[in-house]
Amino acid sequence: QVQLVESGGGLVQAGGSLRLSCAISETIVSMNSMGWYRQAPGTQRDLVATITSGGYTNYKNSVKGRFTISRDNAKNTVYLQMNSLKPEDTAVYYCNVYRRFQTYWGQGTQVTVSA
C-alpha cells in the first residue's frame, strides 16, 4: 500500500505563493504518473497538474503559467509550486499517484486564498 502525505497548505493573500509537498512511501521512480488534484466545497475533484515517469507535465488551463509540478526522486517527493494565487484556487489539494493500474491518494491539505 503506497502512502502519501501532503503538507504546505495554509492561508495566503491573493497574489501570494505556496509550495505543496507530497511525501511518498515508495520510490517514485516506479510510479507511472503523479499529480495534484483539488476539490472546492460542492464541486468535484479536478486535476490540477500531473507529471509522468518520463517527466511530461500537464496542467489545468486556469493554472498554466502560475503553478509548477516537480519531483525529487531522491526524496520520493512531488511538489506543486503555486504562484500568483487567486481566491478561486481555494480548495483541498490532494496528491495522487498511479502505479500498475492502481491509484493512491493522500489525505489532502487545505489551501485558502483571501481576496
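Quick caveat: nothing in here was measured; it's all calculated off a predicted structure.

> It is not clear to me how the pairing of strand S3 (residues 18-24) should be interpreted in this structure. Could you clarify?
Along any regular strand the residues' side chains alternate between the sheet's two faces. For S3, a buried count of five out of seven residues is recorded, marking the element as mostly surrounded by other parts of the structure. Examined bridge by bridge, strand S1 (residues 4-7) and S3 share four bridges and lie antiparallel to one another. Looking across to S3, one finds that Glu 6 is bridged to Cys 22. Of the pairings in the sheet, the one linking S3 to strand S8 (residues 77-82) comprises six bridges and is antiparallel in character. Counted as the bridge partner of Leu 20 is Leu 80 from S8.

> Whenever I open this one, the state of the cysteines confuses me. Can you help?
Two cysteines whose sulfur atoms are joined by a covalent bond form what is called a disulfide. Going through the model one piece at a time under the given rule, you end up with one disulfide. Between the sulfur of Cys 22 and that of Cys 95 lies a disulfide, 2.1 Å long from S to S. On the sign convention where negative means left-handed, the S-S torsion of about -85° between Cys 22 and Cys 95 marks this disulfide as left-handed. Of this pair, Cys 22 sits in strand S3 while Cys 95 sits in strand S9 (residues 91-99); the two residues are 73 residues apart in sequence, bridging distant segments of the chain.

> Hey, could you run me through the environment of Ser 17 in this one?
Along the polypeptide, Ser 17 turns up in the loop between strand S2 (10-13) and S3. Assessed through its relative accessible area of 39%, Ser 17 is described here as partly exposed. Other than its neighbours up to four places away in sequence, Ser 17 contacts Val 12, Gln 81, Met 82, Asn 83, Ser 84 and Leu 85. In terms of polar contacts, Ser 17 uses its side chain to reach the side chain of Asn 83, at 2.9 Å.

> How do you make sense of the nonpolar core when you look at a structure like this?
The nonpolar side chains of a soluble globular protein tend to be buried, and buried together. In this structure, Ile 24, Trp 36, Leu 80, Met 82 and Tyr 93 are the most contacted members of the largest nonpolar core, which totals 29 residues. The set of elements that each furnish at least two residues to this core consists of S3, strand S4 (33-39), strand S5 (46-52), strand S7 (67-72), S8, S9 and strand S11 (109-114). Excluding residues within four positions of it along the chain, Tyr 93 makes contact with Glu 6, Leu 20, Trp 36, Tyr 37, Arg 38, Val 48, Phe 67, Leu 80, Met 82, Gly 108, Thr 109 and Val 111.

> What is the right way to read the pattern of salt bridges from this model?
Pairing is possible between side chains that carry opposite charge, provided their charged atoms lie close to one another. Counting across every chain of the model gives four salt bridges. The salt bridge involving Arg 38 is made with Asp 89; its shortest N-O contact spans 3.0 Å. Of this pair, Arg 38 sits in strand S4 while Asp 89 sits in the loop between S8 and S9, placing them 51 residues apart in sequence. Residue classification places Asp 89 among the buried residues on the basis of a relative accessible area of 1%. Asp 46 is the salt-bridge partner of Lys 60, the closest N and O atoms lying 4.0 Å from each other. You can see Lys 60 sitting in the loop between strand S6 (57-59) and S7 and its partner Asp 46 sitting in strand S5, a full 14 residues away along the chain. Lys 60 sits in the partly exposed class, given a relative accessible area of 25%.

Each value, and the rule that gives it
Every chain is numbered on its own, with residues counted from 1 as its sequence reads. Predicted model: local features are reported for residues with pLDDT of at least 70 only, side-chain atom pairs are reported and counted for 80 or more only, and whole-chain, interface and lining totals are derived from all residues. Excluding hydrogens and water, the side-chain values take into account all heavy atoms of the structure. The cut-offs for exposure are 20% and 50% of the maximum accessible area for each residue type, with area from a 1.4 Å probe on protein chains only; residues under the lower value are buried, those over the upper are exposed, and the others partly exposed. Strands are runs of DSSP state E lasting at least two residues, helices are runs of H or I lasting at least four, and both sets are numbered from the N terminus onward. Strands are treated as partners if at least two bridges between them are detected by DSSP. When two cysteine sulfur atoms are found within 2.5 Å, that pair is recorded as a disulfide. Note on contacts: a residue pair is in contact if any heavy atoms of the two residues lie within 4.5 Å. Residues adjacent in sequence count toward polar contacts only when both atoms are side-chain atoms; beyond that, a polar contact is any pair of N or O atoms within 3.5 Å, and within protein one must be able to donate a hydrogen and the other to accept it. Residues enter a nonpolar core if they are buried and are Ala, Val, Leu, Ile, Met, Phe, Trp, Tyr or Cys, with the set joined through side-chain atoms within 4.5 Å. Each salt bridge in this description consists of a side-chain nitrogen of Lys or Arg and a carboxyl oxygen of Asp or Glu lying within 4 Å of one another.

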